[in-house]
Amino acid sequence: MSCSVDPPDFPIVAGLAPLPPALLRPVLAIGNFDGVHRGHLAVIEAARRMARDLGRPAAALTFEPHPRSFFQPDRTLFRLTPGPRKLVHLARAGLDGAIVLPFDAALAAITAEDFLSDILIDHLGVTGIVVGFDFHFGRGRAGSPAFLAAEGARLGFPVAVVEPMRDEGDPISSTAIRNALAAGQVGHAAHMLGRAWSVDGTVVHGEKRGRLLGYPTANIVLPPGTELAFGIYAVRVHFDGAAHDGVASYGRRPTFDNGAALLEVHLFDFSGDLYGRTLEVAFHAYLRPELKFDSVDALIVQMDADSAAAREILAQPERFSG
């Protein structure tokens, strides 16, 4: 699945390919950046400030797949922003470009010293580095912010270490956002992200029960590892440059078949064929848990109430950051 990067001329360098002229001698914001949340944005903004002071471009250096997926291949990681979506958010953050290093056995084996000298300095020609307080790299995670700061001072380039952003006293992190989504706390997740959490998915054929109930749905299978709480959500769906409000169910449909988890999205005031289309679905509010109803009529009454609640919520101004 792919996402178009906005702006479209945002340069993305894969692996150790030569840097384009627009990214030569960059200031690098380095991290996994899963979620590109408010803490990550603080790192990116610090890199942009450093780059302006030095008159150099600011780029993100990130890794795919997520290192945790490499080290724990038997555990499917709940990715907040799979690779293509992460690049979209990095582009929107105002960087001049991104460099994506493949996280493989060779990269996992390299020492912190060699990563700095061979990759960051010799290949990428780094002129400044910004990392978060908890960033580690190199074999055995030996490379730390303190190591980078000491080496930067020795070699003559600036290194900035960004302290954690906090939300109601707790550090903002990708793990905290995953936990919030798993509990259905999409508003709390949005506050930590600075925007509503969203997923990209391709519309597939379902049982077509929704249209018989008066609520036709676009059905999407979410990526493996998605730990979003089962339930009913107010959503905003983006495709073809437009946004459409709607209500969505994520779960196993206990009233009917209790089958595999599926996201079923009903768009308000919309008619059209969405099969095979890729949609971005943003989750704005959790309305209620998934329930089993005694009759189809009782389900329809509840769906009417859910739709009314979602319309009311989505009509309110968005307030995510702060």
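Residues numbered from 1 in each chain as written. Predicted model: local features only at pLDDT ≥ 70, side-chain atom pairs only at ≥ 80, totals over all residues. Heavy atoms only, no water.

Q: Tell me about the sheet that holds strand β10 (residues 218-220), residues and numbers included.
A: Pairing in this closed barrel of 6 strands is antiparallel, and the strands run β9-β10-β13-β12-β11-β14 around the ring. Geometrically, the sheet is characterised by an average inter-axis angle of 45° between neighbouring strands, direction not taken into account. Across 7 bridges, strand β11 (residues 231-239) lies against strand β14 (residues 278-288) in antiparallel orientation. Bridging from a neighbouring strand, valine 237 pairs with valine 281 of β14. Sheet contacts for helix α10 (residues 296-314): β11, β12 (242-251) and β14; angle to β14, the most-contacted strand, approximately 105°. (Pairing = 2+ DSSP bridges. Helix = DSSP H or I, 4+ residues; strand = E, 2+ residues; numbered from the N terminus. Axes fitted to C-alpha atoms, helices over the stretch in contact; angles between N-to-C directions. Contact = heavy atoms within 4.5 Å.)

Q: Quick rundown of the packing of aromatic side chains? Include the residues and the values.
A: Taken as a whole, this structure holds 14 aromatic pairs when the rule is applied. Between phenylalanine 115 and phenylalanine 137, the aromatic rings sit 5.4 Å apart at their centres with planes inclined by 50°, giving tilted as the arrangement. Here phenylalanine 115 is found in helix α5 (residues 112-123), whereas its partner phenylalanine 137 is found in the loop between β5 (128-132) and α6 (145-155), with 22 residues between them in sequence. In terms of burial, phenylalanine 115 and phenylalanine 137 fall into one category: buried. With 5.2 Å between their ring centres and 90° between their planes, tyrosine 233 and phenylalanine 283 make a pair best called edge-to-face. Of this pair, tyrosine 233 sits in strand β11 while phenylalanine 283 sits in strand β14, and the two are 50 residues apart along the sequence. Classification of phenylalanine 283 as buried rests on a relative accessible area of 1%. What links up through ring pairs into an aromatic cluster is the set Phe63, Phe70, Phe71, Phe103, Phe115, Phe135, Phe137 and Phe147. (Phe/Tyr/Trp six-rings, centres within 6.5 Å; stacked < 30°, edge-to-face > 60°. Buried < 20%, exposed > 50% of the residue type's maximum accessible area, 1.4 Å probe, protein only.)

Q: Give a detailed account of the pairing of strand β6 (residues 159-162), specifying residues and quantitative values.
A: Of the strand pairs in this sheet, β5 and β6 are connected by 4 bridges, and their pairing is parallel. Within the sheet, the bridge partner assigned to valine 130 lies in β6 and is alanine 160. Running through α6, the crossover from β5 to the neighbouring parallel element β6 is right-handed. (Right-handed = clockwise from strand over helix to strand, strands pointing away.)

Q: Quick one: what's the story with α5, residue by residue and with numbers?
A: Restricting attention to buried positions, one finds in α5 the residues Ala112, Phe115, Leu116, Ile119 and Leu120. Within α5, the buried residues cover an arc of 120° as seen down the axis, which keeps them to one side. The inward-facing, buried residues of α5 contact β2 (27-30), β3 (58-64), β4 (97-102), α4 (105-109), β5 and α6. The first or second residue beyond α5 is glycine 125, which carries a positive phi of 60°. (Arc of directions from axis to C-beta.)

Q: How would you sum up unusual backbone geometry? Please name residues and give values.
A: Going from glutamate 64 to proline 65, the amide bond is cis rather than trans, its omega being -5°. Tracing the sequence through the fold places proline 65 in the loop between β3 and α2 (67-71). Positive phi, normally seen in glycine, also occurs at valine 36, with a value near 45°. With respect to the helices and strands, valine 36 occurs in the loop between β2 and α1 (38-54). Unusually for a residue other than glycine, aspartate 269 sits at a positive phi of about 55°. Looking at the element boundaries, aspartate 269 is found in the loop between β13 (262-267) and β14. For aspartate 269, a relative accessible area of 71% puts it in the exposed group.

Q: Describe the environment of leucine 95, naming the residues involved and giving the relevant values.
A: Looking at where leucine 95 falls in the secondary structure, it is placed in the loop between α3 (83-92) and β4. The exposure class assigned to leucine 95 is buried, which follows from its relative accessible area of 6%. Along the sequence, leucine 95 and alanine 60 sit 35 residues apart, while their C-alpha atoms lie 7.2 Å from each other. Ignoring any residue separated from it by four or fewer positions in sequence, one finds leucine 95 in contact with Phe10, Ile44, Arg48, Ala58, Ala59, Ala60 and Leu90.

Q: With reference to specific residues and values, describe α3.
A: Most of α3 sits inside the fold, with 8 of its 10 residues counted as buried. Summarising the contacts, the buried residues of α3 are in contact with β1 (12-14), α1, β3, β4, β9 (197-204) and β14. Phi for glycine 94, located one or two positions after α3, is positive at around 95°.

Q: Break down the nonpolar core for me, citing the residues and quoting the values.
A: With 31 residues, the main nonpolar core has Leu181, Trp197, Leu263, Leu279, Val281 and Phe283 as its most contacted residues. Listed by contribution, the elements that provide at least two residues to this core are α7 (174-182), α8 (186-193), β9, β10, β11, β12, β13 and β14. (Core = buried A, V, L, I, M, F, W, Y, C linked by side-chain atoms within 4.5 Å.)

Q: Please set out the pattern of salt bridges residue by residue, giving values where relevant.
A: Side chains that differ in charge, positive against negative, can pair when their charged atoms come close. What the rule picks out here adds up to 14 salt bridges. In this structure, arginine 79 engages aspartate 34 in a salt bridge whose closest nitrogen and oxygen atoms are separated by 3.4 Å. Remark: aspartate 34 occurs in the loop between β2 and α1 and arginine 79 occurs in the loop between α2 and α3; sequence separation between them is 45 residues. Relative accessible area serves as the criterion here: at 17%, arginine 79 is assigned to the buried category. We classify aspartate 34 as buried; its relative accessible area is 2%. Note that glutamate 151 is salt-bridged to arginine 154, the shortest N-O span being 2.6 Å. (Salt bridge = Lys/Arg side-chain N within 4 Å of Asp/Glu carboxyl O.)

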